[in-house]
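What follows is the residue order along each chain.
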Amino acid sequence: MDVRDDLLDEVEFFNYLKVVVKRRWLIITGTFFCILFTGIFTIILNWERVYEAKVKILAEEQRDYLKTGISGSLNIKTNADVYLEIMNTREFRRKIANKKYSYRKNGEVYTSNLAEFFKVDNIEKAAQSIKSMVEAQKKQNNMIEVKVTTTNPEISIAVANEYINQLNLYNQEQRNSNAKVNLEFIKKRLKQVENELNIARAKLVNFLESNKQLLLINPNKTGGVKTFPVLEVERDKLEQEVKLKSDLYNTLNNQYELAKIEAQKEIPVITVIEYAEPPEFPVSRKTKRNVLVAFFVGLFVFVSLSFVLEYFEKVEKDKKRFLVNELEKDKKLFLKIFGRSNHK
């Protein structure tokens, strides 16, 4: 049984090989043209050289003092995902496009925004063009890599570094805005808690003054001094309230001082790991890789096409064979019937 299966497998293999050999020129010609067109297209893309510059930044932690608990633990978050969303906004790209950049072209120095560099009508179109020339990705450990690819190496460097500058400006604006909100909120809350603390202290003092003759001074001392448990419970309640208000006041006061320090900082929240450097060579379009991919894709497509054509050809032959067989049957039947009649 195994020998028979092996023979069937060999027959099937040679049938496949027969199809490939039979239509070898279709496969060779089709694959050749795939490689040819891919090579030409790649050369056309490489006709205008492009240069890539990249920067790497680290999104540091951001502290939110409004969400700090009584325990003193700060609410800390990172800005990597936020930065990616910001860089993808139209307003951010518009600021990048509207910036004046200096660059050399044909031996002369030019200064222009990206609308003039791209030779488009307005800043809006230039900002739209930035989407295709900039790639921003989040890496490990909250690191962000920004790649800028243009036809001028100096523009690529300047735009990449301008991304850092615009992120720093955004951070500074956000920090100033958040700091004002934090300070205003904490200051207002601090005043409220101070008033509540003063009221609680006043209640405790008034209670002690009003009941100092009735409260037990030394409960362990024997002597028959009468105690008043209800008054003692009330006193403990007032003292506890004063303690809670005092702790809350101290916590808010610490937050207020920290927020003031944070508001006065001018250090950027992002850390630049790598600034853009002049690219030594244009970006490779990976011609060899594209041609190799075109070879395998063309080979697969045209081998598949060969089997499809072989299938339809076989179906057509089967149809013709079926018609011929049917006609032969009719012919034999006709001769059988009418041949006998003539013989009689």
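The structure contained in this document is the topic of the report that follows. What you see is a predicted model; the values in this text were computed from it and never measured.

Time to look at the overall build of the protein. Along its length, the protein carries nine helices and eight strands. In the protein, buried positions account for 25% of the 344 residues. Intrachain contacts of the protein at a sequence separation of at least 6 include 74% that bridge at least 24 residues. For the protein, the exposed surface amounts to about 24600 Å²; the carbon and sulfur share of it is 57%.

Here the focus is the pairing of strand 5 (residues 108-112). Across five bridges, strand 4 (residues 101-105) lies against strand 5 in antiparallel orientation. Opposite Lys105, over in strand 5, you have Glu108 as the bridge partner. Taking the residues between adjacent antiparallel strands as the criterion, strand 4 and strand 5 are bridged by two residues, where Asn106 takes a positive phi near 55 degrees.

All right, on to the nonpolar core then. Leu114, Val159 and Tyr163 are the most contacted members of the largest nonpolar core, which has 34 residues in total. Mapped by element, the contributors of at least two residues to this core are strand 1 (51-59), helix 3 (80-87), helix 4 (90-98), strand 4, helix 5 (114-118), helix 6 (123-133), strand 7 (143-150) and helix 7 (153-211). Those residues in contact with Tyr163, other than ones at most four positions away along the chain, are Met87, Phe92, Ile96, Ile130, Val134 and Val146. Within the second largest apolar cluster, seven residues are counted, among which are Ala200, Leu204, Phe207 and Leu238.

Turning next to the sheet that holds strand 6 (residues 134-138). Here four strands make up an open sheet; going across it, the order is 6-7-1-8 and the pairing antiparallel. The sheet is open, and its two borders are formed by strand 6 and strand 8 (270-274), each paired with just one other strand. Strand after strand, the sheet turns through a mean of 25 degrees between neighbouring axes, direction not considered. Here strand 6 pairs with strand 7 via five bridges, running antiparallel. Note on strand 7: the bridge partner recorded for Val134 is Val148. Helix 7 contacts strand 1, strand 6, strand 7 and strand 8 of the sheet and is inclined by roughly 20 degrees relative to strand 1.

Now for helix 3. Among the residues of helix 3, Ala80, Tyr83, Ile86 and Met87 are the ones counted as buried. Along the axis of helix 3, the buried residues cluster in a sector spanning 120 degrees; they form a single face.

The next point concerns a nonpolar patch on the surface. A cluster of nonpolar side chains, namely Leu26, Leu305, Val308, Leu309, Tyr311 and Phe312, defines an oily patch on the protein surface of about 530 Å² accessible area. No other element matches the five residues that helix 9 (residues 287-343) contributes to the nonpolar patch. Summarising the element assignment, Leu309 is placed in helix 9.

On to the environment of Asn178, then. With respect to the helices and strands, the residue Asn178 is situated in helix 7. Once the C-alpha coordinates of Asn178 and Ala259 are considered, the two residues, 81 residues apart in sequence, prove to be 9.6 Å apart.

The subject of this paragraph is the packing of helix 3 against helix 7. Running from N to C, helix 3 and helix 7 point in directions that differ by 115 degrees, and their axes come no closer than 11 Å. What the angle tells us is that helix 3 and helix 7 run roughly perpendicular. Helix 3 and helix 7 meet at a crossing whose hand is right-handed. From helix 3, Val82, Tyr83, Ile86 and Met87 reach across to helix 7, where they touch Tyr163, Leu167, Tyr170 and Asn171.

Okay, unusual backbone geometry next. One non-glycine residue, Asn106, lies in positive phi territory at about 55 degrees. Tracing the sequence through the fold places Asn106 in the loop between strand 4 and strand 5. Judged by relative accessible area, which is 74%, Asn106 ranks as exposed. The backbone of Lys119 shows a phi angle near 60 degrees, a positive value even though the residue is not glycine. The topology assignment puts Lys119 in the loop between helix 5 and helix 6.

To continue, consider the packing of helix 4 against helix 6. Running from N to C, helix 4 and helix 6 cross one another at 105 degrees; their axes reach a closest spacing of 8 Å. One element, helix 4, and the other, helix 6, form an angle in the roughly perpendicular class. Where helix 4 abuts helix 6, its residues Arg90, Arg93, Arg94, Ile96, Ala97 and Asn98 lie against Ile123, Glu124, Ala126, Ala127, Gln128, Ile130 and Lys131. Taken together, the residues of the contact of helix 4 with helix 6 break down into six nonpolar, two polar and five charged.

Rules used throughout
Residues numbered from 1 in each chain as written. Predicted model: local features only at pLDDT ≥ 70, side-chain atom pairs only at ≥ 80, totals over all residues. Heavy atoms only, no water. Helix = DSSP H or I, 4+ residues; strand = E, 2+ residues; numbered from the N terminus. Buried < 20%, exposed > 50% of the residue type's maximum accessible area, 1.4 Å probe, protein only. Contact = heavy atoms within 4.5 Å. Areas by Shrake-Rupley, 256 points an atom, 1.4 Å probe, with all protein chains shown as cover. Pairing = 2+ DSSP bridges. Core = buried A, V, L, I, M, F, W, Y, C linked by side-chain atoms within 4.5 Å. Axes fitted to C-alpha atoms, helices over the stretch in contact; angles between N-to-C directions. Arc of directions from axis to C-beta. Patch = residues over 30% accessible without salt bridge, like charges linked within 9 Å, V, L, I, M, F, W, Y side chains within 5 Å. Salt bridge = Lys/Arg side-chain N within 4 Å of Asp/Glu carboxyl O. Parallel < 35°, antiparallel > 145°, perpendicular 65-115°, else oblique. Left-handed = near helix turned anticlockwise from the far one by under 90°. Nonpolar A, V, L, I, M, F, W, Y, C, P; charged D, E, K, R; others polar.

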